[in-house]
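Chain residues, written in single-letter form:
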Amino acid sequence: MKKEIENGNTMLGTMISEFGSPNIVRILKTGGYEFVIIDCEHGPFDFTQLSGMVALANAIHMPVLVRVPGIDRGFITKVLDMGADGLLAPMINTVEDACNLVECAKYLPLGKRGASTTRAHTNYLPPKLDEYMEEANKRTIILAQIETCEAVENAEKIAAVSGVDALVIGPTDLSADMGRPGDLHTPEFLSNAKRVTDAALSQGKRCGTVASNVEYLHKCQEMGMNLFCMGSELGMLLNGAKNNVNKFYKKEEGCLEKVQQPLE
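Reading the values: the criteria
- Counting restarts for each chain, with residues numbered from 1 along the sequence as it is written.
- Only residues with pLDDT of at least 70 are given local features in this predicted model, and only at 80 or more are side-chain atom pairs given and counted; all residues enter the totals for whole chains, interfaces and linings.
- To obtain the side-chain values, all non-hydrogen atoms of the structure were used and water was disregarded.
- When two rings of Phe, Tyr or Trp (its six-membered ring) have centres within 6.5 Å they constitute a pair, described as stacked for plane angles under 30 degrees, edge-to-face for angles over 60, and tilted for the intermediate range.
- Going along the chain from the N terminus, every DSSP run of H or I of four or more residues is numbered as a helix, and every run of E of two or more is numbered as a strand.
- The span you would expect from a helix comes to 1.5 Å times its residue count less one.
- Note on classification: 1.4 Å probe, protein chains only; a residue is buried when its accessible area is under 20% of the maximum for its type, exposed when over 50%, partly exposed between these limits.
- Arc definition: directions from the helix axis to the C-beta atoms.
- Residues count as neighbours in contact if any of their non-hydrogen atoms are within 4.5 Å of one another.
- Any pair of N or O atoms that falls within 3.5 Å is considered a polar contact. Within protein, one atom must be able to donate a hydrogen and the other to accept it, and sequence-neighbouring residues count only if both atoms are side-chain atoms.
- Note on pairing: two strands pair once DSSP finds at least 2 bridges between them.
- Orientation is described by axes fitted as lines to C-alpha atoms, over the contacting stretch for helices, and by angles from 0 to 180 degrees between their N-to-C directions.
- For the purposes of this section, nonpolar cores are sets of buried Ala, Val, Leu, Ile, Met, Phe, Trp, Tyr and Cys residues that join through side-chain atoms within 4.5 Å.
- Throughout, the term roughly parallel applies to angles under 35 degrees, roughly antiparallel to angles over 145, roughly perpendicular to angles from 65 to 115, and oblique to all others.
- Rotating anticlockwise by less than a right angle from the far helix to the near helix defines a left-handed crossing, while the corresponding clockwise rotation defines a right-handed one.
- In this classification, Asp, Glu, Lys and Arg are treated as charged, Ala, Val, Leu, Ile, Met, Phe, Trp, Tyr, Cys and Pro as nonpolar, and every other residue, Gly included, as polar.

*Asks:* Just give me the short version of the packing of aromatic side chains, but keep the residues and values in it.
*Replies:* Across all of its chains, the model carries 4 aromatic pairs by this definition. Taken together, a centroid distance of 5.9 Å and an interplanar angle of 55° make the contact between phenylalanine 189 and tyrosine 216 tilted. Here the residue phenylalanine 189 occupies a position in helix α10 (residues 187-202), and tyrosine 216 occupies one in helix α11 (residues 214-223), the gap between them amounting to 27 residues. For the ring pair phenylalanine 248 and tyrosine 249, a centre distance of 5.1 Å and an interplane angle of 80° mean the geometry is edge-to-face.

See the structure below:
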């Protein structure tokens, strides 16, 4: 996945936000998604559920990232030791935030990630430590989520931090910080999205966004973004349920009165 991002190839994934069954990952891969992000910022997952989903993703070669709650060394260490391919970190507003994130997620000399190698991330068969640290640093993906006006102003400096692979706009929080919650189509919002994209590209990094609005996603693609997380398994379930109910009642419209009569 990291090579695909670096090469500028379009990558389409989705969020796992509510349901912790490992086979959710298998279903989403069968559906055609190219990666998943497990949401531990807002989602209810415990570490057992999380490790099960990550393990299955590894087994079926589905790239898996985890949106962490924040820059917490202990949480980040556990996630990466489980075998996650990388992190999406929310509310990265400053260069200091980005540097702290890299420090937690990368081994020396880039960071200060704690080493415990007989774990899932090495398939319980660790190679020589120095070789593994170098390889893990190259492989681990770090995405910095840009969600405030302050972060937009600092986007180029954040992108310049060694170890950050891409900037990812969080449109809901960014639009709220701009005073127009949920409005992703104002010229001001789209201008900020373009600023973040250009900032990332100017530093040789990539850019993406997280949203369910396909019109917005296509506009971002036209700006030069190549990393997209579209919707979630929860949204798909809700939409599927609503569509089924609507189809049934539309088809059976002429029979509704009969159906609603009380049973004899």
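*Asks:* Kindly report on helix α3 (residues 47-59), identifying the contributing residues and their values.
*Replies:* If you check α3, its first and last C-alpha atoms are 18 Å apart, about what 13 residues at 1.5 Å a residue would give, namely 18 Å. Residues of α3 that are buried: Leu50, Met53, Val54, Leu56 and Ala57. Projection of α3 onto a plane perpendicular to its axis shows the buried side chains occupying an angular sector of 165°, all on one side. With respect to the buried face of α3, the exposed residues turned more than 90 degrees away are Thr48 and Ala59. Taken together, the buried residues of α3 touch β1 (11-16), α2 (23-30), β2 (35-39), β3 (64-67) and α4 (73-82). Here α3 starts with a cap whose side-chain oxygen sits 3.1 Å from the backbone nitrogen of threonine 48, and that cap is aspartate 46.

*Asks:* Please set out the side chain of asparagine 93 residue by residue, giving values where relevant.
*Replies:* Structurally, asparagine 93 is set in the loop between β4 (86-89) and α5 (95-105). Residue classification places asparagine 93 among the buried positions, given a relative accessible area of 13%. Apart from the residues within four sequence positions on either side, asparagine 93 is in contact with Thr148, Glu150, Ala151, Asn154 and Ile158.

*Asks:* Could you give me a rundown of the sheet that holds β3, with the residues and numbers involved?
*Replies:* Read around the barrel, 8 strands follow the order β1-β2-β3-β4-β5-β6-β7-β8 and close on themselves; strand pairing throughout is parallel. Here the strands of the sheet are splayed against their neighbours by 25° on average, with no regard to which way each runs. Of the strand pairs in this sheet, β4 and strand β5 (residues 141-146) are connected by 4 bridges, and their pairing is parallel. Counted as the bridge partner of alanine 89 is alanine 144 from β5.

*Asks:* Outline the nonpolar core, supporting the account with residue identities and numerical values.
*Replies:* Ile16, Ile38, Leu167 and Tyr216 are the most contacted members of the largest nonpolar core, which has 61 residues in total. Sort the elements by how many residues they give to this core and α10 lands first, with 6 residues. Setting aside anything within four residues of it in sequence, one finds isoleucine 16 in contact with Ile24, Val25, Leu28, Val36, Ile37, Ile38, Asp39, Phe45, Met53 and Glu233. Residues Met11, Met15, Val168 and Val210 belong to the second largest nonpolar core, which totals 15 residues.

*Asks:* Outline the packing of α4 against α5, supporting the account with residue identities and numerical values.
*Replies:* Direction vectors running N to C along α4 and α5 enclose 45°, while the axes themselves pass 9 Å from each other. Our classification of the angle between α4 and α5 gives oblique. When you trace α4 past α5, the crossing you get is right-handed. Contacts between α4 and α5 involve Arg73, Ile76 and Leu80 from the former and Leu101, Cys104 and Ala105 from the latter. Looking at the contact of α4 with α5, its residues break down into 5 nonpolar, no polar and 1 charged.

Nothing here speaks to function; it is all geometry.
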